[in-house]
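Close look at the chain arrangement
What follows is each chain in one-letter form.
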Amino acid sequence: MGARVRITLTAEGRRFERMLRELADKEVRIGFQHGEATEEDGTDICDIATWNELGTEHIPARPFLRKSVDENTAEINAFLQTQKESLLQGMPAEQILNEIGIFQKDLIQEKITEGSFPPNAASTIRKKGSDKPLIDTGRMRQSVNYVIRRKGESGE
């Protein structure tokens, strides 16, 4: 008969397990939250972002969301490693998720401002007075945000 082993966690070990359970149950969603922001004419910013990201019959795709990840993979991985270290040092799980949200929000906003995308059509340039794609009123860029939710929660 084998010896029974009894494992007793320290208070720090129990706290760390709680944080891991909390992280396993939550997620951070970064981008545009439907219904949170609209243009003056009532058009949802989430729809405008989708049309620009994927393109339409009249708008070329300007994938600022995908590029914010694809073009920053090394930077994202390094950042996540620092967050892992912060978690091991006792930073609360909710704060880790907030840090991730802020980090990726900044990358998306930077890509909207600095990204290389197909130029605006001449008619668009005349209408808005600029040849800069994705920037008109600045409302879409300002509307990038994040939310922390339980995994599987719809948010609708």
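Check the entry above for the structure.
Below: a short report on this structure. Note that the coordinates shown come from a computational prediction; the quantities given were computed from them, not determined experimentally.

**Observations regarding the overall build of the protein chain**
- Per the secondary structure count, the protein chain includes seven helices and two strands.
- Traced from its N-terminal end to its C-terminal end, the protein chain shows the element sequence α-β-α-α-α-α-α-α-β.
- The C-alpha radius of gyration computed for the protein chain amounts to 21 Å, which surpasses the reference 15 Å derived for 156 residues by more than 25%, pointing to a less compact arrangement than a globule.
- Principal-axis analysis of the C-alpha atoms gives the protein chain an extent of 80 × 35 × 30 Å.
- With 156 residues in all, the protein chain has 31% of them scored as buried.
- Counting only contacts in the protein chain whose residues sit at least 6 apart along the sequence, the fraction spanning at least 24 positions is 64%.
- Summing over all exposed atoms, the protein chain offers an accessible surface of approximately 10,400 Å²; the carbon and sulfur share of this is 50%.
- Averaging the positions of the 23 positive and the 26 negative side-chain charges in the protein chain gives two centres separated by 6 Å.

**Looking at the pattern of salt bridges**
- One pass over the full model with this rule turns up seven salt bridges.
- The residue Glu27 makes a salt bridge to Arg29 at a minimum N-O spacing of 2.8 Å.
- Arg66 is paired through a salt bridge with Glu53; the nearest N and O atoms lie 2.7 Å apart. Here Glu53 lies in helix α2 (residues 45-54) and Arg66 lies in helix α3 (residues 64-70), a separation of 13 residues in the sequence.
- Overall, the relative accessible area of 41% leaves Arg66 in the partly exposed class.
- The class for Glu53 is buried, based on a relative accessible area of 5%.
- Look at the salt bridges and you will find they share partners, linking Glu22, Lys26 and Glu94 into a network.

**Considering the environment of Ala74**
- Along the chain, Ala74 turns up in helix α4 (residues 73-88).
- Taking the C-alpha atoms as reference points, Ala74 and Pro119, separated by 45 residues in sequence, lie 28 Å from one another.

**Here we look at the environment of Leu134**
- With respect to the helices, strands and loops of the structure, Leu134 is situated in the loop between α6 (122-128) and α7 (139-142).
- The class of Leu134 is buried, set by a relative accessible area of 10%.
- Separated by 14 residues in the primary sequence, Leu134 and Asn120 have C-alpha atoms spaced 8.8 Å apart.
- Excluding residues within four positions of it along the chain, Leu134 makes contact with Asn52, Arg62, Phe64, Ile112, Phe117, Lys128 and Met140.

What counts, and at which threshold
Residues numbered from 1 in each chain as written. Predicted model: local features only at pLDDT ≥ 70, side-chain atom pairs only at ≥ 80, totals over all residues. Heavy atoms only, no water. Helix = DSSP H or I, 4+ residues; strand = E, 2+ residues; numbered from the N terminus. Rg over C-alpha atoms; globule rule 2.2 N^0.38 Å. Buried < 20%, exposed > 50% of the residue type's maximum accessible area, 1.4 Å probe, protein only. Contact = heavy atoms within 4.5 Å. Areas by Shrake-Rupley, 256 points an atom, 1.4 Å probe, with all protein chains shown as cover. Lys, Arg positive; Asp, Glu negative; His and termini not counted. Charge placed at Lys NZ, Arg CZ, Asp CG, Glu CD. Salt bridge = Lys/Arg side-chain N within 4 Å of Asp/Glu carboxyl O.

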